[in-house]
Every structure is written in C-alpha cells, then in structure tokens.
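# Observations on the model geometry
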Amino acid sequence: MTDGNGFLGGRLLVVAFEGWNDAGEAATGAVRALKDLLDVETITEIDPELYFDYQFNRPTVSTNEDGVRTISWPSAIMYGPTAPINSSVPLAEDAQLRVSGTNVGNIYLLLGTEPSRSWKSFAAEILDAALAADVSGVVFLGAMLADVPHTRPISIFVSSDNAQVRGELLIERSNYEGPVGILSVLSDAAEKAGIPSLSIWASVPHYVHNAPSPKAMLALIDKLEEVIDVVIPRGALVTEAADWETGIDVLAGEDEEMAAYIAQLEQARDTVDSPEASGEAIAQEFEKYLRKRGTDGREGRDGRSDGPTGRPDGPRH
C-alpha cells in the first residue's frame, strides 16, 4: 500500500468492461451509475484503432440533441475526480443526488469494451495511466451467467490475489482455472506493477441472459459501496430491479418447463443457504439436482455448454 492506510486509504480505480465479463450489463451499468453521480472528467481515452476489430465490435451511429449524427467507436475511457480528495457534500444535505463519503474524492473509473487484440499492450497502457494518476488500488466489477434463480438475492463473490488485501478485508482467493477475460489480464498486470486489486462478481440467471439485469447491478453497487467506503444513491434502480423480477415471474407463469426449472434452482439455492447445511449435505443435494436435470451439469436448459459452474471469466480474482 502506498500510504500505509490499507487498500481503502488511497485512490481507487473501479473498472468494468462490456463483453464477456458483463452478463446482464450489470458491471458496466454499476460503473455508469457511478459516472453519472460523481464529479469526474475524462483523463485518458484509449485509441480504438490499436485494439479493436470493428467487424466484431462495430462502431455505432446516433443523433445528438442538435440533430447531428455522430459515430461512436468502441474504446476504454478512464475518468478521474475534478477535485481529487475533495471533501464531499454532507450526506444529510444531498443524500438523493450525489455519491457521499470520506473516500468520494479518491474514486477513479475505467469503463470500456473488451478489446479484440493486443491485450498485453492494452493492459500496459491502462496501467501506465493508472500509475500516472497515482492510483493505489483497483476494484474490478464483473458479472457471469450462472444456474441461479432470479427470485433469490443475487450471489456476490469478492476475492483478491493479493494476500494483504485478503487479510485486510477478510475475503477469499478464487480457485477458478480456465479461460479468462480482460479483467484477469488487467488484474495480473496491476499486481505486477505493485497495485493491489480485488474483484466483485455477480451471478446472473442464465435463462434471462438477453436482458439487462438491474437486480444484479444493484447487488454490485451494494457490495461496491461497502468495499470502497462511499454512499451511492440508488435512484430508480430498486424499482427497476423489482420490475425485472416481476416480469420474469410473468414469463415463468406462462411456461411450465421454465417454472419447473426455476423451482429446481430455488431448491438447490435454499439448500446451500440453509443454516443446517454441511459441506457434504450441500454436495449431495447438488448431485441430486444434477441427476434430476439429467445432464450432469454439462448442458443448461437453453443448450449452453457452461454447466452449473460455467462462467465467462469465472470469479478468478
């Protein structure tokens, strides 16, 4: 740690990328919410020509308020506070409008699209910008598709590859092995550059993977608020999360197969969460659940090959 005050004592960079690491747009949605609430400005923008395949990540065209059509290119932008380490507005005066807390002037953001190529160079450029901004810690946000029910609280997993961060915040180290996304590459580069990091991952029900998940976004913001020591207004997000859940309930009510599948997921989740559940009992119940599905976890309801522990980037960190 750069200042002796632990992970939360310095400038924190909160990171999210569209793509593999962003099921239900939960991670990027959480960072966009912070961007709208914080007083930040662009400090670095990555040149998209170097890192993106435009046939894979196509630019988009839109019309602005003046009626002018403009093209937006996939990229990654780092934002920093206009007044670093500035005192925040007291919570009682502005609780519904602004992010508040003693750490608010230390929050930097990185929001972008997962690059198509040259990941090592991309990571090096990002880390150079972070070091130039004197960032002393990085928080990665991710969301993965998983066999979880939409009717239960969104599962959140917090981990770090840095032993000091794990000891300070009492979190785990992930044991995930397998394919990774840009978050893992950036995390590895950050650790090698001497910048500790942690990751916060949300599990999004895979059977609603085509729609944004405000419930998962809300769960990430809840945990992020706790970790980075700020107070983040939720705005309409609580209502949107409730409406999202209600909408899926309606769809399940019209589809007996989907309803039965969700009931199985609920049973498995409730067994794991029960106070009397032991590790052996949980394993036995999960094996029973897989046998009922008749797939041994190799194929989900929609034919995906992820299985119950499948994930875009895992919660690797």
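Here, the structure is the one placed above.
Note that the coordinates shown come from a computational prediction; the quantities given were computed from them, not determined experimentally. (Residues numbered from 1 in each chain as written. Predicted model: local features only at pLDDT ≥ 70, side-chain atom pairs only at ≥ 80, totals over all residues. Heavy atoms only, no water.)

## Some thoughts on the overall build of the protein
Note the following rule: In this text, helices come from DSSP runs of H or I with a minimum length of four residues, and strands from runs of E with a minimum of two, each type numbered from the N-terminal end. Surface accessibility follows the Shrake-Rupley procedure with a 1.4 Å probe radius. Residue values consider only the protein chains on display as shielding.
Within the protein, the regular secondary structure consists of nine helices and nine strands. When the accessible surface of the protein is summed, it comes to about 15,400 Å², and 49% of that surface belongs to carbon and sulfur atoms.

## Remarks on the nonpolar core
To be explicit about the condition: Buried residues of nine kinds, namely Ala, Val, Leu, Ile, Met, Phe, Trp, Tyr and Cys, make up a nonpolar core once their side-chain atoms join them within 4.5 Å. Per-residue accessibility, obtained with a 1.4 Å probe over protein chains only, is compared with the maximum for each type, and a residue is labelled buried under 20%, exposed over 50%, and partly exposed between these values. Here a residue-residue contact requires only that any non-hydrogen atoms of the pair lie within 4.5 Å.
Counting residues in hydrophobic clusters, the biggest one holds 43 residues, and the most contacted among them are V14, V139, L141, L198, I200 and L224. Among residues more than four places away in sequence, those in contact with V14 are V31, L34, I107, Y108, L109, L110, V139, L141 and L224. Formed by 28 residues, the second largest nonpolar core is a distinct cluster that contains Y51, F52, Y108 and A190.

## Quick word on the packing of helix α6 (residues 214-228) against helix α7 (residues 237-253)
This is how it is decided: Angles run from 0 to 180 degrees between N-to-C directions of axes, and those axes are lines fitted to C-alpha atoms, restricted for helices to the stretch in contact. For classification purposes, an angle smaller than 35 degrees is called roughly parallel, one larger than 145 roughly antiparallel, one from 65 to 115 roughly perpendicular, and anything else oblique. Left-handed describes a crossing whose near helix is turned anticlockwise from the far helix through less than a right angle; right-handed describes the clockwise counterpart. Each residue gets one label: Ala, Val, Leu, Ile, Met, Phe, Trp, Tyr, Cys and Pro are nonpolar, Asp, Glu, Lys and Arg are charged, and the others, such as Gly, are polar.
Closest axis-to-axis distance for the α6/α7 pair is 8 Å, and the angle between their directions is 140°. The orientation of α6 with respect to α7, classified from their angle, is oblique. Where α6 crosses over α7, the handedness of that crossing is left-handed. Each of P214, K215, M217, L218 and I221 in α6 lies in contact with α7, whose residues at this interface are L237, V238, E240, A241, W244 and E245. Class assignment of the residues belonging to the contact of α6 with α7 gives a composition of eight nonpolar, no polar and three charged.

## A word on a nonpolar patch on the surface
The test is simple: Patches were defined on residues exceeding 30% relative accessible area and lacking a salt bridge, with like-charge contacts within 9 Å and nonpolar side-chain contacts (Val, Leu, Ile, Met, Phe, Trp, Tyr) within 5 Å. We count a salt bridge whenever a side-chain nitrogen from Lys or Arg sits within 4 Å of a carboxyl oxygen from Asp or Glu.
A cluster of nonpolar side chains, namely V61, I71 and W73, defines an oily patch on the protein surface of about 310 Å² accessible area. Assignment of secondary structure puts I71 in strand β4 (residues 69-72). Owing to a relative accessible area of 52%, I71 belongs among the exposed residues under this scheme.

## A closer look at the environment of E49
Counted only if it meets this: Polar contact is defined as a pair of N or O atoms within 3.5 Å, subject to the rule that within protein one atom must be able to donate a hydrogen and the other to accept it, and that residues adjacent in sequence are counted only when both atoms are side-chain atoms.
Inspection of the secondary structure puts E49 in the loop between β2 (40-45) and β3 (60-63). For the pair E49 and W73, spaced 24 residues apart in the sequence, the C-alpha separation amounts to 9.3 Å. Excluding its chain neighbours within four sequence positions, the residues that come into contact with E49 are Y54 and R117. Of note is the side chain of E49, whose polar atom sits 3.1 Å from the side chain of Y54.

## Looking at unusual backbone geometry
Where the residue is not glycine, phi is negative for most of them; where a peptide bond is considered, it is trans in most cases. Positive phi outside glycine occurs at E25, with the angle close to 55°. Of the residues examined, E25 reaches a relative accessible area of 45% and is grouped as partly exposed.

## Observations regarding the sheet that holds strand β6 (residues 107-113)
Strand pairing in a sheet is mediated by backbone hydrogen bonds. Such pairs are either parallel or antiparallel. For the record, the criterion: In this description, strands pair whenever DSSP reports at least two bridges between them.
Ordered in space as β2-β5-β6-β1-β7-β9-β8, the seven strands form an open sheet in which the pairing is mixed. Lying at the two open borders of the sheet, with one neighbouring strand each, are β2 and β8 (156-159). Strand-to-strand, the axes of this sheet are offset by a mean angle of 20°, without reference to chain direction. Taken together, the four bridges between strand β5 (residues 76-81) and β6 define a ladder with antiparallel strand orientation. Opposite M78, over in β6, you have L110 as the bridge partner. On the sheet, helix α1 (residues 26-37) packs against β1 (11-18), β2, β5, β6 and β7 (135-146) and is oriented at approximately 135° with respect to β1. Along the sheet, helix α3 (residues 119-132) contacts β1, β2, β5, β6 and β7; its crossing angle with β5, the most-contacted strand, is approximately 10°.

## Remarks on the environment of Y79
Summarising the element assignment, Y79 is placed in strand β5. Between the C-alpha atoms of Y79 and T44, which are 35 residues apart in sequence, the distance is 7.1 Å. Contact partners of Y79, with chain neighbours within four places excluded, come to K35, V40, E41, T42, I43, Y108, L109 and L111.

## Focus on α7
Convention followed: What a helix should span is 1.5 Å times the count of its residues minus one.
The terminal C-alpha atoms of α7 lie 24 Å apart, and with 17 residues this matches the ideal 24 Å at 1.5 Å per residue to within 8%. Buried residues in α7 make contact with β9 (197-205), α6 and α8 (256-273).

## Details of the pairing of β7
Within β7, 12 of the 12 residues are buried, which leaves the element mostly enclosed by the surrounding structure. The sheet contact formed by β1 and β7 spans five bridges and is parallel. Among the inter-strand pairings, R11 is bridged to a residue of β7, identified as V135. Pairing analysis gives nine bridges linking β7 to β9, with the strands arranged parallel. Each bridged residue has a counterpart across the sheet, and for L141 the counterpart in β9 is I200.

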